[in-house]
Structures are given as structure tokens and as C-alpha cells.
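# Chains, contacts and geometry: an overview
So the chains spell out like this:
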Amino acid sequence: MVAETMVPVNGIELCVETFGEPTDPALLLIAGGASSMDWWEDEFCRRLAAGGRCVIRYDHRDTGRSTSFPAGCPPYSGVDLAHDALGVLDALGVHRAHLVGMAMGGALAQRIAVERPHRVRSLTLMSAVPGETPAHPAPAVTDWSHRRASVRRMIAAIRERGGPFTADEPHLRRLAERIYDRTTDMAASQANHHCLAHGPPVRPRLGSITAPTLVLHGTLDRVVPAADAHALAAEIPGARLVWLDGVGHEFPPMAVWAQVIDEISGEASRGRQPA
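Residues numbered from 1 in each chain as written. Predicted model: local features only at pLDDT ≥ 70, side-chain atom pairs only at ≥ 80, totals over all residues. Heavy atoms only, no water.

### A few points about the overall build of the protein
Helices and strands together make up the secondary structure of the protein, namely eight helices and eight strands. Taken over the C-alpha trace, the protein has a radius of gyration of 17 Å; the compact-globule value for 275 residues is 19 Å, and the two agree within 12%. The dimensions of the protein, computed from C-alpha atoms along their principal axes, are 50 × 40 × 35 Å. For the protein, the residues scored as buried account for 55% of the 275 residues in total. Counting contacts in the protein only where the partners sit at least 6 residues apart, residues at least 24 apart contribute 77% of the total. When the accessible area of the protein is evaluated, it comes to approximately 11,300 Å², of which 54% is carbon and sulfur surface. Side-chain charges in the protein split into 27 positive and 31 negative, and the spacing between the mean points of these groups amounts to 1 Å. (Helix = DSSP H or I, 4+ residues; strand = E, 2+ residues; numbered from the N terminus. Rg over C-alpha atoms; globule rule 2.2 N^0.38 Å. Buried < 20%, exposed > 50% of the residue type's maximum accessible area, 1.4 Å probe, protein only. Contact = heavy atoms within 4.5 Å. Areas by Shrake-Rupley, 256 points an atom, 1.4 Å probe, with all protein chains shown as cover. Lys, Arg positive; Asp, Glu negative; His and termini not counted. Charge placed at Lys NZ, Arg CZ, Asp CG, Glu CD.)

### Examining the packing of aromatic side chains
This structure, assessed with the given rule, holds five aromatic pairs. Between W39 and F251, the aromatic rings sit 6.2 Å apart at their centres with planes inclined by 15 degrees, giving stacked as the arrangement. Placement of W39 in the loop between strand 3 (26–30) and helix 1 (42–49) and of F251 in the loop between strand 8 (240–244) and helix 8 (257–270) is noted, with a sequence separation of 212 residues between them. Given a relative accessible area of 15%, W39 falls into the buried group. A centroid spacing of 5.6 Å and a plane angle of 50 degrees characterise the contact between F69 and Y76, whose relative ring orientation is tilted. Following the ring pairs from residue to residue traces out a cluster consisting of W39, W40, F44, F251 and W257. Above the face of the Y76 ring, R61 is positioned so that its terminal group lies 4.9 Å from the ring centre. If you follow R153 out to its NZ or CZ, it ends over the ring of W144, 4.6 Å from the centre. (Phe/Tyr/Trp six-rings, centres within 6.5 Å; stacked < 30°, edge-to-face > 60°. Lys NZ or Arg CZ within 6 Å of the ring centre and 35° of its normal.)

### Section: the packing of helix 4 (residues 147–161) against helix 5 (residues 169–182)
Helix 5 packs onto helix 4 with a crossing angle of 125 degrees between their chain directions and a minimal axis gap of 9 Å. On the basis of their axis angle, the class for helix 4 and helix 5 is oblique. Helix-helix and strand crossings are classified by hand; for helix 4 and helix 5 the assignment is right-handed. Along the contact surface, helix 4 presents R147, S150, V151, M154, I155, I158 and R159, while helix 5 presents E169, L172, R173, A176, E177, I179, Y180 and D181. (Axes fitted to C-alpha atoms, helices over the stretch in contact; angles between N-to-C directions. Parallel < 35°, antiparallel > 145°, perpendicular 65-115°, else oblique. Left-handed = near helix turned anticlockwise from the far one by under 90°.)

### Section: helix 2 (residues 78–91)
Taking 1.5 Å per residue as the helical rise, helix 2 with its 14 residues ought to reach 20 Å, and the 20 Å between its terminal C-alpha atoms agrees with that figure. The buried fraction of helix 2 amounts to 10 of the 14 residues, a majority that puts the element mostly inside the structure. Of all the positions in helix 2, only G78, V79, L81, A82, D84, A85, L86, G87, V88 and L89 are classed as buried. At its buried positions, helix 2 is contacted by strand 1 (2–9), strand 2 (12–19), strand 3, strand 4 (54–58), strand 5 (97–102) and helix 3 (104–115). N-cap assignment for helix 2: the residue whose side-chain oxygen lies 3.2 Å from the backbone N of V79 is S77. (Expected span 1.5 Å × (residues − 1). Polar contact = N/O pair within 3.5 Å; in protein donor to acceptor, adjacent residues only side chain to side chain.)

See below:
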């Protein structure tokens, strides 16, 4: 495991951390909107790396320790976020990687697979829609200056979107406190990704994706309908759809880590190509 480090990417700085051997095939974890890399939990990353992958996680701009912009005024688009993911790989000297994207991260991974197919070994899309994430009205900028109230708000949001396997409150509190303490600007982190323009449409080009693709979707996801998971798997040639029983719209809870890691590792094996 390499401790958090700041790397220059596209004129900003992103916070990056790796697990496993740098000589192993790279696997890039791309978090959802308004989500720092902390949501890919340490132990999940270690177990994923144990399967012979160099696992990379990073803070999107406006999350965690990465460069932050004023809340409500992000001077970038979803295309820039996709370029950030590639910039992380470039900074680490990685030409091609397995991509694992959650929600908005899944949309970014699809854009990379469509526009830069030579950079993608395999594709895993969790709780994702086909193409761009739906547009949301810009949320009101909330007061995130109070740590205790902010932590409670984060826990409530996770539990609302989760299911019976969602971590218990003490676990979520530790995670939320860590996120709060690492984040440069909580208001920006919670608002700015919802204000973004997406860029050129990706969905009409999903049929051009050639990377082995896995679609993971929770049976209790109330944010992204099951129909979207079916559509995503149908529109990407050869994609496999795997259901996560009892999982909501959430990063994989511990109860399904073994299933998720086995599925990702299997898809990555299908995507082995010469470097």
C-alpha cells in the first residue's frame, strides 16, 4: 500500500492511493458523484489487490484532499472528470487499466471506454445508467461547517439509499468522520458534481465498447431502476449483468464483498491483454 499522495492532473491536484504491487495489472476505482475515495473501503481495496491487481483509488476534484472550487460554481464538466481518471493513470505511468465505476463513476468509465478504448482492459459498472447520469437541479448550498451535524446527515443519506446489508451506524460514523476530516470543502464536495454539464452524449456509442464488461446492480437500488441495468447490459456487446441481492444504491457493503471481488477479478481475467 502506498500512502496518499498528491499528483498534478489537468492543471489541478488529485489525491491518489494505491494497494498491491505496482507491477501487477492496474485496476482503477472511480467513485460516484460527491464521493471521495474513502467510500472504497481500505479492507475492500486490500482484498481486491490480493487477487493480483494494483488497485488505485483517488479523490475526484471537489472531494477529499483534491483541488476544490467554490460551492455551486464548478468550472469543469463531466468530460473533465473522465480526463482526470486518465490523468491519474498517466501520473502513475499506467497505459491500460481495469476500470471499476460506481454510479457517476460508471458514467465516467463508459466515456473512457468509448473515447479511449485503448486505455481499458475491462469495465465494471455498478449502480450505473446507460451513458450520462441524469441531470439534477443544482442543490441549495447547505451549511456543512458543523462536523457532528454533517456526519449525521451523511449517515442518514447512506441509510436511506441502502438495504439490510448497509453497515451499522458506528461503522458509518467512523467512515463519515474520516471523510469530513479529509475534505477541503464539504459544501463544494456535496454540491458541485450535481451542477455539471455532461459533454457529448455517450449512450449512442455504447455499442462500440469492446472491453469485457460487467454490470453489477443491487436488487434494492431505488435510485437507478432495474430497467437501466438491463439496458446497460443490452447496449454494451457481450456485457454480463449480475444482481447483488439485498443491496441498495451504495458502495458494496461488506456482506457482498466476496461476490463483488470474485466477479471483478473474473472480468479482469477476461480482459487480460498485452501491456
